[in-house]
Structures are given as C-alpha cells and as structure tokens.
Amino acid sequence: MGKGWHHPSVNGSRSSKTFKPKKNIPEGSHQYELLKHAEATLGSGNLRQAVMLPEGEDLNEWIAVNTVDFFNQINMLYGTITEFCTEASCPVMYEYHWADGTNIKKPIKCSAPKYIDYLMTWVQDQLDDETLFPSKIGVPFPKNFMSVAKTILKRLFRVYAHIYHQHFDSVMRLQEEAHLNTSFKHFIFFVQEFNLIDRRELAPLQELIEKLGSKDR
C-alpha cells in the first residue's frame, strides 16, 4: 500500500515528498521535447537566456510547459516543509483570501495550509483540463490561455512567498535553500521575460527579486 494517499499533515514521513501528485508531460510529445530543451539550457547556468522563447516555438506552448514545470517544482519544495506548515503555525496567509470563482465565489479567510491546498488543487485542475492545456498535437490553445496562465503563475508565486516568509528557517535546516533560490530565480526570470505577473503582486518578495536580478547584470 503506497503512502501517496495520506494527507500531508497526517503523515510527515511519506515516501514521495510532493504535496500533490506530480503533473507529467507525456514522453515523446513535442511538449516533452520542449521541457528537455528547457532543462538543457538551464544547465548552462545562464537563466536569463534559458527562459527565452526558443526560436520557431509557439509562445503558448512554451509558457504551458514551463507552468507545468513550476507547478512540479513548487509542489516538491512545499512538500519538503508541509509538516511545519500547520493551522497553528500559519493561521493566516498574509492578506490573501481564497476564491476560485467556481467552487468558492466569495473570498474566504483561511489558514496558510488550507489556502495552499486550495491553490494547488485549483492549479492542478487547470493543468489537467485538456481544453486549457492541450497535450495532443495540433490541438490549439484556447483564446484565454494567457490570462489563465497568468492567474496560475500569480498564485504559484504566493506559495514561494509563504515559504520564504514563514519557513525559510526550516528550508535552511533541511539544506534546501540553494534549491529554493534557484527555483525561485528561474520562476522570476521567466515571468519577467514574458511580463506575466503584475509588479504589485510581486511586492512581498521585492527585495529578494532585486537581489537575484542584480547578480545577473
């Protein structure tokens, strides 16, 4: 019997450290090739260059592949600290109130673990929706794809912000800070390259963003 079904807070010693199941991109697909390309260019160490749209590629597809990748990264990073993120330790998620417009229309105030659970479940539902994130060759992206992607990335940013603000000491203890910083830097360079998150939304980590950016100039 696998441990995958346990709720994160019920079982801290779960075997796989992701918070939600990993979203896989089908092997052999063009999106898989794009993901491999992204991983290879990341290896070069030049993140500004690594986030740029590869020549001849479709912008929507590039954003889709990277959005799935960021979801998986954040899923893993948050998975390493879920046992420290509890109703008691994090009773609120700063000024954020959760609403997804369908199940919960009026924004509700909730604890950080609940908020992040709602958020990651919502993102997962978007990524699994073939009409929004088509995985089949030749199926076009919907007209509202860019606005959906922007909302996903804006919300994923909030998980990074929560980890940095509330759990950085745990991240340090687990020696995950290099992993977290690299992941966040990649995320920020990506959203800056395509102007995907409003500057106001990035305010909670503005100093860190400036610091990460200044090392690359």
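Residues numbered from 1 in each chain as written. Predicted model: local features only at pLDDT ≥ 70, side-chain atom pairs only at ≥ 80, totals over all residues. Heavy atoms only, no water.

Going by what an unreviewed UniProt entry lists, the protein chain is known as MOB kinase activator 1A and is assigned to Mycteria americana.

Draft legend 1. Main features of the UniProt feature "binding site: Zn(2+)" (unreviewed entry) in the protein chain. Using the residue numbers shown here, the UniProt feature "binding site: Zn(2+)" (unreviewed entry) corresponds to Cys85, Cys90, His162 and His167. Despite a sequence span of 83 residues, these residues sit close together in the fold, their greatest C-alpha distance being 9.8 Å. In this structure, Cys85 sits in the loop between α3 (59-81) and α4 (112-127). Beyond its immediate stretch of four places on either side in the chain, Cys85 contacts Tyr78, Cys90, Ala112, Pro113, His162 and His167. Looking at where Cys90 falls in the secondary structure, it is placed in the loop between α3 and α4. Contact partners of Cys90, with chain neighbours within four places excluded, come to Cys85, Ser111, Ala112, Pro113, His162, Gln166 and His167. (UniProt positions renumbered as here; feature names shortened; annotations may be inferred. Helix = DSSP H or I, 4+ residues; strand = E, 2+ residues; numbered from the N terminus. Contact = heavy atoms within 4.5 Å.)

Draft legend 2. Structural context of the nonpolar core. Formed by 62 residues in total, the largest nonpolar core has its most connected members in Met120, Leu156, Phe157, Tyr160, Phe184, Phe187 and Ile188. Put simply, the parts of the chain that give this core at least two residues each are α1 (30-43), α3, α4, α5 (145-173), α6 (177-193) and α7 (206-214). Looking at this core element by element, the count peaks at 13 residues for α5. Residue contacts for Met120: discarding those within four places in its chain leaves Phe19, Lys20, Phe71, Ile74, Asn75, Leu156 and Val159. (Core = buried A, V, L, I, M, F, W, Y, C linked by side-chain atoms within 4.5 Å. Buried < 20%, exposed > 50% of the residue type's maximum accessible area, 1.4 Å probe, protein only.)

Draft legend 3. The arrangement of the state of the cysteines in detail. Counted under the stated rule, the structure contains zero disulfides. Note on Cys85: no disulfide assigned, nearest cysteine sulfur contributed by Cys90 at a separation of 4.0 Å. (Disulfide = S-S within 2.5 Å.)

Draft legend 4. Inspection of the packing of aromatic side chains at higher detail. Summed over all chains, the structure comprises twelve aromatic pairs. Ring centres 5.4 Å apart and planes at 65° place the aromatic pair Tyr164 and Phe184 in the edge-to-face group. In this pair, Tyr164 is assigned in helix α5 and Phe184 in helix α6, connecting sequence segments 20 residues apart. Here Tyr164 matches Phe184 in class, with each residue buried. Put simply, the rings of Phe70, Phe157, Tyr160, Tyr164, Phe168, Phe184, Phe187, Phe190 and Phe194 pair up and form one aromatic cluster. Just above the ring of Phe189 sits the side chain of Arg48; from NZ or CZ to the centre is 3.6 Å. (Phe/Tyr/Trp six-rings, centres within 6.5 Å; stacked < 30°, edge-to-face > 60°. Lys NZ or Arg CZ within 6 Å of the ring centre and 35° of its normal.)

Draft legend 5. Main features of the packing of α6 against α7. Direction vectors running N to C along α6 and α7 enclose 85°, while the axes themselves pass 10 Å from each other. Considering their axes alone, α6 and α7 lie roughly perpendicular with respect to each other. Counted together, Phe184, Lys185, Ile188, Phe189 and Gln192 of α6 and Leu208, Ile209, Leu212 and Gly213 of α7 form the full contact between these two elements. Classifying every residue of the contact of α6 with α7 by side-chain character gives six nonpolar, two polar and one charged. (Axes fitted to C-alpha atoms, helices over the stretch in contact; angles between N-to-C directions. Parallel < 35°, antiparallel > 145°, perpendicular 65-115°, else oblique. Nonpolar A, V, L, I, M, F, W, Y, C, P; charged D, E, K, R; others polar.)

Draft legend 6. View of unusual backbone geometry. Unlike most non-glycine residues, Gln175 shows phi in positive territory, near 55°. Along the chain, the position of Gln175 falls in the loop between α5 and α6. On the basis of relative accessible area, Gln175 is assigned to the exposed category, the value being 69%.

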